[in-house]
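Next come the chains, spelled out residue by residue.
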Amino acid sequence: MGSPEKIRQIDEWLPQTQCTQCSYPRCYDYASAIASGEADINQCPPGGEVTIRGLAALLGKIGKPLDPKFGVTKTKQVAVIDEDVCIGCVMCIGSCPTDAIVGAAKYMHTVITQDCTGCELCLEPCPVDCIDMVDQPQHPDLSWRWPDYSPQAASRARILTNNKLQREHKRRQSRSSLKKLRELSKEKGSAQIKNDIAASIARVRERAKSDKDPRR
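## So, the overall build of the chain
Inference 1: Broken down by element type, the chain carries six helices and four strands.
Inference 2: Ordered by position from the N terminus, the helices and strands of the chain form the series α-α-α-β-α-β-β-β-α-α.
Inference 3: Buried residues in the chain amount to 35% of all 216 residues.
Inference 4: Contacts in the chain between residues at least 24 apart in sequence constitute 58% of all its contacts with a sequence separation of at least 6.
Inference 5: Summed over its atoms, the accessible surface of the chain is roughly 13500 Å², and 53% of this surface lies on carbon and sulfur atoms.

Listed below in structure tokens is the structure:
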């Protein structure tokens, strides 16, 4: 496995679209796979030739063409939702890696254009086919490394993705804890659980008194 620093350096050369075309769920996962030797440097269609050259120089490898089985490099687009057709199913919200789609169940959804990476992951889950990909608005800061991805946009996409992953991890932990509590409730009954909690509190308080008592 590659060192955290090496993974970070590799990840910096990825445009952070989080599109999964490289066959990994997130750009960081692809960077980790490259660092460990599990993946090649030519699996990122959005990054294209620029990313391949950068990774080759970073890792001391020989450059090579983009592997076509992972896709082709194309101009970045952003998602646009036909708000008259949207049924508010929230399927696209769950699939967006950067939280670029906002809305609520049974209410119209919309896309925050500046946070959309053009990953297209929202297209397939949509049951009414109300999402289209359109050419992104041009911005003056699109002049670094990739012609379609600014360093600010890549950095923001990385942060948004990490925030969502952390939130989902906490949600899974919460659901797991709730499930265990329900199972415990079935096994022991609610009265027993209350007694167990009271006994735990009593033990904590007793330890606190012991810690404060200078005679011990």
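## Topic: the packing of helix H1 (residues 4-11) against helix H3 (residues 48-59)
The description of two packed helices rests on the angle between their axes and on the distance between the axes.
Inference 1: Remark: H1 packs on H3, axes separated minimally by 10 Å, with the N-to-C direction vectors making an angle of 155 degrees. Relative to H3, the element H1 lies roughly antiparallel. Handedness of the H1/H3 crossing: right-handed. When H1 is examined against H3, the residues Lys6, Gln9 and Ile10 are found in contact with a partner set consisting of Leu55, Leu58 and Leu59.
Inference 2: Looking at side-chain class alone, the contact of H1 with H3 contains four nonpolar, one polar and one charged residues.

## Examining the pattern of salt bridges
Inference 1: Going through the model one piece at a time under the given rule, you end up with nine salt bridges.
Inference 2: For the salt bridge of Glu5 with Arg8, the shortest nitrogen-to-oxygen distance reads 2.7 Å. Highlighted residues: Glu5 and Arg8, both in helix H1, separated by three residues, approximately one helical turn.
Inference 3: Classification of Arg8 as partly exposed rests on a relative accessible area of 41%.
Inference 4: In this structure, the salt-bridge partner of Asp99 is Lys164, at a minimum N-O distance of 3.7 Å. One end of the pair, Asp99, is in the loop between helix H4 (91-95) and strand S2 (101-102); the other, Lys164, is in helix H5 (residues 151-188), with 65 residues separating them in the sequence.
Inference 5: According to the relative accessible area criterion, Lys164 is buried, its value standing at 6%.

## As for the environment of Pro15
Inference 1: In this fold, Pro15 is placed in the loop between H1 and helix H2 (27-36).
Inference 2: Considering only alpha carbons, one finds Pro15 and Cys44, 29 residues apart in sequence, at a separation of 8.9 Å.

## So, the packing of aromatic side chains
Inference 1: Following the criterion strictly, the structure yields one aromatic pair and no others.
Inference 2: Taking the centre distance of 6.0 Å and the plane angle of 25 degrees together, the rings of Tyr24 and Tyr30 count as stacked.

## A look at H1
Inference 1: Considered for burial, the residues of H1 that qualify are Ile7, Ile10 and Asp11. Buried positions in H1, seen along its axis, are confined to an arc of 100 degrees and lie on one side of it.

## With respect to the side chain of Asn42
Inference 1: Among the secondary structure elements, Asn42 is positioned in the loop between H2 and H3.
Inference 2: For Asn42, a relative accessible area of 8% gives the class buried.
Inference 3: For Asn42, the side chain forms a polar contact with the main-chain oxygen of Pro65, separated by 2.9 Å.
Inference 4: With residues near it in sequence (within four places) discarded, Asn42 still touches Tyr30, Ile52, Lys64, Pro65, Leu66, Asp67 and Phe70.

## Structural notes on a negative patch on the surface
Inference 1: A grouping of Asp82, Glu83, Asp84, Asp129 and Asp132 is seen on the molecular surface, where their side chains present a negatively charged patch.
Inference 2: Considering the arrangement of structural elements, one finds Asp132 in strand S4 (residues 131-135).
Inference 3: Judged by its relative accessible area of 46%, Asp132 falls in the partly exposed class.

About the criteria used
- Residues numbered from 1 in each chain as written.
- Predicted model: local features only at pLDDT ≥ 70, side-chain atom pairs only at ≥ 80, totals over all residues.
- Heavy atoms only, no water.
- Helix = DSSP H or I, 4+ residues; strand = E, 2+ residues; numbered from the N terminus.
- Buried < 20%, exposed > 50% of the residue type's maximum accessible area, 1.4 Å probe, protein only.
- Contact = heavy atoms within 4.5 Å.
- Areas by Shrake-Rupley, 256 points an atom, 1.4 Å probe, with all protein chains shown as cover.
- Axes fitted to C-alpha atoms, helices over the stretch in contact; angles between N-to-C directions.
- Parallel < 35°, antiparallel > 145°, perpendicular 65-115°, else oblique.
- Left-handed = near helix turned anticlockwise from the far one by under 90°.
- Nonpolar A, V, L, I, M, F, W, Y, C, P; charged D, E, K, R; others polar.
- Salt bridge = Lys/Arg side-chain N within 4 Å of Asp/Glu carboxyl O.
- Phe/Tyr/Trp six-rings, centres within 6.5 Å; stacked < 30°, edge-to-face > 60°.
- Arc of directions from axis to C-beta.
- Polar contact = N/O pair within 3.5 Å; in protein donor to acceptor, adjacent residues only side chain to side chain.
- Patch = residues over 30% accessible without salt bridge, like charges linked within 9 Å, V, L, I, M, F, W, Y side chains within 5 Å.
- Lys, Arg positive; Asp, Glu negative; His and termini not counted.
- Charge placed at Lys NZ, Arg CZ, Asp CG, Glu CD.

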